[in-house]
Amino acid sequence: MRRFAIAAAFVLAAAGAAVAQQAQPDPWHAKGREIYERAVEIPTVAGRGKMGELVTYLRGQYEAAGIGDVRVFDHSGTQSMIVRWPAARQSGHKAILILAHMDVVEARREDWERDPFELVEEGGYFYGRGTGDNKLGVVSVTTALLRLRAQGFRPDRDIIVLLTGDEETAQEGAERAANEWLDLSTIEYGLNADGGGGSFLRDGTNAGFQFVTSEKVYQSFTFTARNRGGHSSRPRADNAIYDLMRTLQRLEAHRFEPRLNDTTRAYLAQRARTAEPALAAAITRWLANPADGEAADLIEATETETGTTRTRCVATRLDGGHADNALPQRAAATVNCRIFPGEDPAAVLAALRALAQPSGVIVEPIEQARPTEASPLRQDVLQAFTTAVHARHPGSAIVPTMLTGATDALFFRARGLPVYGVAGGWGVIPDDARAHGLNERVPVRSFYESIDHWTDLIRMLAGPEQRPRRRARG
């Protein structure tokens, strides 16, 4: 029970800070909360047909503020939008692209403690589907731009905001934006509100803020076993379901070779400073000797670091048989892989086929893999992010990070545009790691700080007086 008491104490401290802020209320925090409530309470889930309602609302917010260049794109049953705030003067600087997504994964009222599509403020937290992923990003960026506009900020480069409607599903919005809707030759880099952010341990220790430079490559595969079937009263040794099961058991036990790159090395070096002793020891061993596969396996076995050391593949869906009283003629599984940057997707396919071959299971890719390289560590973006974080969390470690998941940024990196995950929100780990899960929540203080973070970040990177000098390294 003690671990929950510590977490509660930290959350209450955060809530107290939020109350202290409210003693001198910031009207832009109030405006942000208004937009947040409206955004969370529109269930922008695939298939519900509600995306247009949120798009119309957000468009109205931008246009009322005098940011009138808003384009809405209808595609495959949803909508995405591009907002452009033109430079106040010609400066020769290319545009900045800011990414966030408006859609959320499904949430059922009967599963949640509270209505997932009602913004509930309770115990120092905002609860609701999308409070973190990614309406926090949508609302923080939108509120920051409205605030800057009202304050008379005059950007010396175009600021382009892409808000997509299907990041959680087909990602067609990002793909078409990267290839059709936007001229990437006019954009210098992207800032992703769906990546980055900070973590605190249960005892309140600041574990650092992530500066995301890369993502694993997303690819899914079908594993299909076929059989002549027959009557269930006469079972045979050959059975499509059992053949598939044996292949999946081999997949479960399989481990791809561990890999390190500059980003994951920097991340793990920082993680070792705050990790529990066993994990810290394993990280230290592996960083000292990348050939120490046992140490990498120990890291990979922890809940918080799964996927950081290698390619991982896991079965996510099953389908088999055609009647209760018949031997199955077909059994199939979907296997989702997150491929480490730099690993050839063709080699992953070959490894999966080798696992399936003894049972005669056929493995085929579902979609094309889109390998991308890590974005270079631009000094100007890194400096601005560090300054914005330290304004609220002085001395916080800034940790280059590879995401184990996938975001809309992958389509832009695939086209050669560097993109950086620079979100300013934070949570207590692992208690607040609830994206896509039950009772999603964000600390109240984190929400308000996210608005301030994006205000500072945009002002520094799009304002001539405060822009850090550009330098790329790594």
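Rules behind the numbers
Residues numbered from 1 in each chain as written. Predicted model: local features only at pLDDT ≥ 70, side-chain atom pairs only at ≥ 80, totals over all residues. Heavy atoms only, no water. Buried < 20%, exposed > 50% of the residue type's maximum accessible area, 1.4 Å probe, protein only. Helix = DSSP H or I, 4+ residues; strand = E, 2+ residues; numbered from the N terminus. Arc of directions from axis to C-beta. Contact = heavy atoms within 4.5 Å. Polar contact = N/O pair within 3.5 Å; in protein donor to acceptor, adjacent residues only side chain to side chain. Salt bridge = Lys/Arg side-chain N within 4 Å of Asp/Glu carboxyl O. Disulfide = S-S within 2.5 Å. Patch = residues over 30% accessible without salt bridge, like charges linked within 9 Å, V, L, I, M, F, W, Y side chains within 5 Å. Areas by Shrake-Rupley, 256 points an atom, 1.4 Å probe, with all protein chains shown as cover.

1. Brief notes about helix α7 (residues 262-274)
- Burial in α7 covers these residues: Thr-263, Thr-264, Tyr-267, Leu-268, Gln-270, Arg-271 and Thr-274. Looking down the long axis of α7, one finds its buried residues gathered within 165 degrees of arc, a one-sided arrangement. Within α7, the exposed residues directed more than 90 degrees away from the buried face are Asp-262 and Arg-273.
- As for α7, its buried residues are in contact with β8 (206-215), α8 (277-288), α9 (293-300) and β16 (398-403).
- Between the side-chain oxygen of the N-cap and the backbone nitrogen of Thr-263 there are 3.1 Å, and the N-cap of α7 in question is Asn-261.

2. Here we look at the pattern of salt bridges
- Applying the stated rule across the entire model yields 36 salt bridges.
- Between Arg-59 and Glu-63 there is a salt bridge; the shortest N-O distance is 3.0 Å. On the criterion of helical spacing, the pair formed by Arg-59 and Glu-63 is a turn pair, its members being 4 residues apart in helix α3 (residues 51-64).
- Residue Arg-59 is classed as partly exposed on the basis of its relative accessible area of 31%.
- Ionic pairing is found between Arg-271 and Glu-305, a salt bridge with its closest N-O pair at 2.6 Å. With Arg-271 in helix α7 and Glu-305 in the loop between α9 and β11 (312-320), the pair connects residues that are 34 residues apart, well separated along the chain. Considered together, Arg-271 and Glu-305 belong to a single accessibility category, that of buried residues.
- Here the salt bridges do not stand alone but share partners, grouping Arg-157, Glu-188, Arg-378 and Asp-380 into one network.

3. So, the state of the cysteines
- Scanning all chains against the criterion turns up 1 disulfide.
- Note on cysteine connectivity: Cys-313 is disulfide-linked to Cys-337, with sulfurs 2.0 Å apart. Note on the Cys-313 and Cys-337 pair: the S-S dihedral is about 115 degrees, so by sign convention the disulfide is right-handed. Pair noted here: Cys-313 is in strand β11 and Cys-337 is in strand β13 (residues 330-339), with a separation of 24 residues, a long-range link.
- You can call Cys-313 buried: its relative accessible area is 13%.
- What makes Cys-337 buried here is its relative accessible area of 0%.

4. Description of a nonpolar patch on the surface
- Together, Ile-241, Tyr-242 and Met-245 make up a nonpolar patch on the protein surface, roughly 270 Å² of accessible area in all.
- Along the chain, Ile-241 falls in helix α6 (residues 240-253).

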